[in-house]
Amino acid sequence: MNFYSIDFETASYAKHSACSVALVKVENNKIVDEYYSLIKPETDFFWKNIQIHGIKPEDVVDAPKFPDVWRQIQSCFKSNSLVVAHNAPFDCGVLAGCLDYYGIAQPNYLSLCTVKTSRKLFPELPNHKLNTVCENLNIQLENHHDALEDSRACAEILLYQEKHFGVEPLKKLVTIK
């Protein structure tokens, strides 16, 4: 399998408030590259978000704004690129919100949600949160809500699912963005 896994952390509930992003590149079923950046959002930070991920306003003072980050990652979002996230509606929504906020054209790409694949393939789990799925599949997740760690874990989940179930049940859940 070839895909990118993505994870955003946000400063607030605003869809354009990304304060960090990570992408993990998988080629031929192996993680071959990783990208991580803090992002300086043009929104205030909400205390609850800080409590979740630990990123504070002072951490992003010198970070690039989203358009600069987008220039570095936009090549990952092509019509034939598969972009995977654990809770893809959230992460794809943050991407779309940031692009809209800055007046940047939306890319077309393929999307797959590992929450959905996990619900389908592991219905016996008590829930399908990232940490629960990782724990049940023996996938390392030491710093949950760190974008890079979460992105790696998402990639590992999909690789596990492909290895144990094949690509056919996964293909059925791919959507076009």
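First, a word on scope: everything that follows refers to the structure included in this document. Values in this document were obtained by computation on a predicted structure and should not be read as measured data.

1. Concerning helix 4 (residues 114–121)
(1) Moving on: Along helix 4, the residues classified as buried are Thr 114, Val 115, Thr 117, Ser 118 and Leu 121. Buried residues in helix 4, looked at end-on, bunch into an arc of 165°, giving them a common side.
(2) Moving on: Among the structural elements, strand 4 (82–85), strand 5 (110–113), helix 5 (130–137), helix 6 (147–165) and helix 7 (168–171) are those in contact with the buried residues of helix 4.

2. Quick notes on the packing of aromatic side chains
(1) Moving on: For the structure on display, the rule yields 9 aromatic pairs.
(2) Moving on: Considering the side-chain rings of Phe 46 and Trp 47, the 5.7 Å spacing of their centres and the 50° angle between planes classify their relative orientation as tilted.
(3) Moving on: What makes Phe 46 partly exposed here is its relative accessible area of 29%.
(4) Moving on: Ring centres 5.3 Å apart and planes at 40° place the aromatic pair Trp 70 and Phe 77 in the tilted group. Residue Trp 70 shares its accessibility class with Phe 77, and that shared class is buried.
(5) Moving on: Three or more aromatic residues joined by ring pairs make a cluster, and in this case those are Phe 66, Trp 70, Phe 77, Tyr 101, Tyr 102 and Tyr 109.

Parameters at a glance
Residues numbered from 1 in each chain as written. Predicted model: local features only at pLDDT ≥ 70, side-chain atom pairs only at ≥ 80, totals over all residues. Heavy atoms only, no water. Buried < 20%, exposed > 50% of the residue type's maximum accessible area, 1.4 Å probe, protein only. Helix = DSSP H or I, 4+ residues; strand = E, 2+ residues; numbered from the N terminus. Arc of directions from axis to C-beta. Contact = heavy atoms within 4.5 Å. Phe/Tyr/Trp six-rings, centres within 6.5 Å; stacked < 30°, edge-to-face > 60°.

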